[in-house]
Amino acid sequence: MSLMGALNSAISSLHANSQALSNVSDNLANSNTTAYKSTSTSFSSLVAGSANTSSGGVISNSRSNVTQQGLQAATSNATDLAIEGDGFFVVTDGTMSYYTRNGEFQVDEEGYLTNGDYYLMGWATDENGKIAGGTSEDSLRTIDIDSLQSSVDPTSEVNMQANLPADANGPTTTNTAATITTSLNSAISADSGETVAFDINGTTITLTGGAGNTIEVADIVTAINAQTATTGVTASTDADGNLTLTSSATGSAAEITIDNVTGTGASVAGSDLSTLGITDTGGDSTETVNGTSTTTDGDTYETTFEVFDSLGTSSTVTVTWEKTAANSWQMTFGDPVGVNGNVIGTSSTDPVTVTFNSDGTLASTSADPSFSVSGWTTGAADSTIDLGLGTVGNSDGLTQYASDEDDPQIEVKSIIQDGQAYGSLSSVEIGDDGSVTAFFDNGEERVIYKIAVSTFPNSNGLSEKSNGIYARSSSSGNSTLHIAGQGGAGSINGGYLESSTVDTSREFSSMLSAQQAYSASSQIMSTASSMFDKLLEAVR
C-alpha cells in the first residue's frame, strides 16, 4: 500500500465513523420517542488493487432494527395503544395506507382516532360485535368514535331478587253473633189461660198467663232458652232489663228471625207485643238480624322499579305486595309515573300470586307472570313486561324468610330490567383483540370497531418516514392483515405505549468507539501529510 492508499483509507474511515456518530446522535435524540427503533451501524472492509499492492478502506451501512420491540409503559389515556408482539397499526393520511407502532392516538374534534395527521384504521362491526364485511384491506375504515349513537331498548323483562318477611301478618277475620235487643223490660198482661206465642228461627215459643195475671220477662227468657238446642238462640236481659236474644253461632251466617208474634185473650190484646222486637202483631211482620264477619287485610308493602318505553322514556312502577295467607302473597302493579310525578300510562294485569314452600323457597307463581302497560302518553308502543321471580324450589329469586324485626320489611336484593334510555358516549376502551368498545352514560356498551394489525415478510425492509410511520417497499413485501392476537399478529394493550428501543449506555459506548476511530484516522492523515512533505523536500 502506498501513502496515497493510506490516505484514502483514512478518508474512508472518517466518512464511515462520521456516519456512525450521526446514527448515535439520532438514537440518543430519540431515546424517549414512542416506538422509536434504534439504528445501528455496521462496517465493511473495502479492498482495491492486486493482492500485493492493494489499499485498504472501510464503508459503513445503517440498519434500522424495526422488529425489535420496546418496553411497554402504562399511561392514563385509554386510547394509547401498544402492540405486544409482531405487527403494525394501519393508518392513513386520507390517500394512502401506512404502518406504525406509535400508538399515541387521540380522539379529535370529529371523533376520529388520530396520531398527528394519520387516522387509525379498523373494521366496522355489527350489533353483535362481529366484523361486518370481511377482514380485507378494502373493508378497512377510519375509526370514527362519534359515528354510532346509543340505541333505545324498551323494558321487556324485570328480574327480582327479594325476601318477603315470613313474620308479616296475614289477613284476620273477626266474627260476631247475631243479636236483637228488644224494648221488653216489664211483664206482659195475661190472665190465666191467655197466651202469647212467637216464632224464633221457625220454632214456636208459647207462654201462658198465670198467677198475677202476667207473663214475666224471666218466664220468656226461660222459655226461649229451653229451645236453644233447636233455635240456636239464647235469651238474657241487659243492664236495663231489656230482653236480649243472641245467636250461638257467629259470622255472617248466624241469624235470628222473630216472626208470627200473636196473643190470645182480652188482656193480651191490650198489650204492646211490638216490644218483642217486631213493629206489628198478628203474624204479618218479621225481623231478621244476622251476625257479622269482618276480614282485615294482611300486611302490605311497596317496592318500585324503573321501566323504559319504546321511546326510551323512564318511569317508575310501584309493586304492592300483600300477604294473603300463610306462605302466600299477591302482587299488584301501579300505573307508571314519569320523572315529573305524573302518570304516563295504564298498567293492566291480573294480580300475580306467589306461594312459598315451608323452607322459604319459591313454590309457585301465576302462570307466565307479567304485566302490561298501555296508553303511554309519550306516544310509545304498548309494553308487555315479563317478570322473573326465580326458580321453583330454589332461592335465586323471591324467598320468604323471617326478618326477626319488630316491623318486618321486604329486603330487596336486586331488581334488574333490560330496558335503557338514549345515551351519550362517555368513554371508549380497547381490548387485547383490538375491539373498540364504546360506553354510553345510559349503561350501554357496544363493540363498534376491530383494530387491524398488519404484518410483513420483512419488516426491516419498510421505508421509514417521520413520526414513526413506515411505508411498504419492495424489500418489505406486501402486508397481511390480522385480527389482533391471531395468525401470528401481536395483541393490543390499551392504555400502554411502546417505549424507544434505544439503549443509552450502548450508544455512549458506540460514540466513544466512533470518536476514537475518527481520531486515529485523523492522525493517519496527519502522518501521511508529513511523509508527503518529506518526499517533496527530498525532490527539491
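The structure under discussion appears in the preceding block.
Residues numbered from 1 in each chain as written. Predicted model: local features only at pLDDT ≥ 70, side-chain atom pairs only at ≥ 80, totals over all residues. Heavy atoms only, no water.

Chemist: How should I be thinking about helix α5 (residues 504-539) in this particular structure?
Modeler: Relative to the 52 Å expected for 36 residues at 1.5 Å per residue, α5 spans 52 Å between its end C-alpha atoms, a close match to the ideal helical length. Those residues of α5 lying buried are E507, A514, S521 and A528. (Helix = DSSP H or I, 4+ residues; strand = E, 2+ residues; numbered from the N terminus. Expected span 1.5 Å × (residues − 1). Buried < 20%, exposed > 50% of the residue type's maximum accessible area, 1.4 Å probe, protein only.)

Chemist: Before we go on, may I ask you to explain the pattern of salt bridges in this structure?
Modeler: Side-chain pairs of opposite charge can arise where the charged atoms are in close proximity. According to the stated counting rule, one finds five salt bridges in the structure shown. A salt bridge links E137 to R472; the nearest nitrogen and oxygen atoms lie 3.7 Å apart. With E137 in the loop between β9 (118-124) and β10 (141-142) and R472 in the loop between β37 (469-471) and β38 (480-483), this residue pair connects regions lying 335 residues apart in the sequence. Judged by its relative accessible area of 36%, R472 falls in the partly exposed class. Each of K37, R101 and E498 takes part in salt bridges that share partners, so that together they form one network. (Salt bridge = Lys/Arg side-chain N within 4 Å of Asp/Glu carboxyl O.)

Chemist: Please explain the packing of aromatic side chains as it appears in this structure.
Modeler: Two descriptors summarise a pair of aromatic rings, namely the distance from one centre to the other and the angle between the planes of the rings. A full pass over the atoms with the stated rule returns nine aromatic pairs. Arranged with centres 5.7 Å apart and planes meeting at 80°, the rings of Y98 and Y118 form a pair that is edge-to-face. Taken together, the residues Y98 in strand β6 (residues 97-100) and Y118 in strand β9 connect sequence positions 20 residues apart. Since its relative accessible area comes to 15%, Y118 is described here as buried. Seen from their ring centres, F333 and F371 are 4.6 Å apart, and the 10° between their planes marks the pair as stacked. (Phe/Tyr/Trp six-rings, centres within 6.5 Å; stacked < 30°, edge-to-face > 60°.)

Chemist: Any chance you could explain the sheet that holds strand β12 (residues 172-181) here in plain terms?
Modeler: The pairing of strands in a sheet happens through backbone hydrogen bonds and is either parallel or antiparallel. The strand order across the open sheet formed by four strands is β17-β18-β12-β21, and the pairing between neighbours is antiparallel. The sheet terminates laterally at β17 (233-237) and β21 (292-296), the two strands that pair on one side only. Strand-to-strand twist in this sheet, taken as the mean axis angle between neighbours without regard to direction, amounts to 30°. Pairing analysis gives five bridges linking β17 to strand β18 (residues 243-250), with the strands arranged antiparallel. Looking across to β18, one finds that V233 is bridged to S247. Strand contacts of helix α2 (residues 217-225): β17 and β18, with the helix running at about 160° to β17, the strand carrying the most contacts. (Pairing = 2+ DSSP bridges. Axes fitted to C-alpha atoms, helices over the stretch in contact; angles between N-to-C directions. Contact = heavy atoms within 4.5 Å.)

Chemist: Help me understand the sheet that holds strand β19 (residues 255-264) in this model?
Modeler: Pairing is antiparallel across the open sheet formed by four strands, whose spatial order is β15-β14-β19-β20. This sheet does not close on itself; its edge strands, each paired only once, are β15 (203-208) and β20 (286-290). Taking each pair of neighbouring strands and ignoring which way they run, the sheet shows an average axis angle of 20°. As paired elements, strand β14 (residues 195-200) and β19 share five bridges and run antiparallel to each other. Paired with T195 across the strands is T264, a residue of β19.

Chemist: Got a minute to help me understand a negative patch on the surface in this structure?
Modeler: Among the surface-exposed residues, D153, E157, D368, D386 and D418 lie close enough to one another that they form a single negatively charged patch. You can see D386 is positioned in strand β30 (residues 383-388). Exposure remark for D386: the relative accessible area of 42% places this residue in the partly exposed category. (Patch = residues over 30% accessible without salt bridge, like charges linked within 9 Å, V, L, I, M, F, W, Y side chains within 5 Å. Areas by Shrake-Rupley, 256 points an atom, 1.4 Å probe, with all protein chains shown as cover. Lys, Arg positive; Asp, Glu negative; His and termini not counted. Charge placed at Lys NZ, Arg CZ, Asp CG, Glu CD.)

Chemist: Is there a simple way to explain the side chain of N242 in this structure?
Modeler: Locating N242 in the fold gives a position in the loop between β17 and β18. Residue classification places N242 among the buried residues on the basis of a relative accessible area of 13%. When sequence neighbours within four positions are dropped, the list of residues in contact with N242 reads T181, T182, S183, L184, N185, S236 and T237.

Chemist: How should the pairing of strand β34 (residues 435-440) be read in this particular structure?
Modeler: Every regular strand shows the same layout, with side chains that alternate between the two sheet faces. With respect to burial, β34 is a largely interior element, six of its six residues being buried. Relative to β34, strand β33 (residues 425-430) runs antiparallel, the two being bridged by five bridges. Counted as the bridge partner of L425 is F440 from β34. Between the end of β33 and the start of β34, which pair antiparallel, lie four residues, with G434 showing a positive phi angle near 85°. In the sheet, β34 pairs with strand β35 (residues 445-455) via five bridges, with the strands oriented antiparallel. Pairing of T437 across the sheet is with V447, part of β35. Linking β34 to β35, which pair antiparallel, is a turn of four residues; within it G443 sits at a positive phi near 95°.

Shape descriptors only; they carry no functional weight alone.
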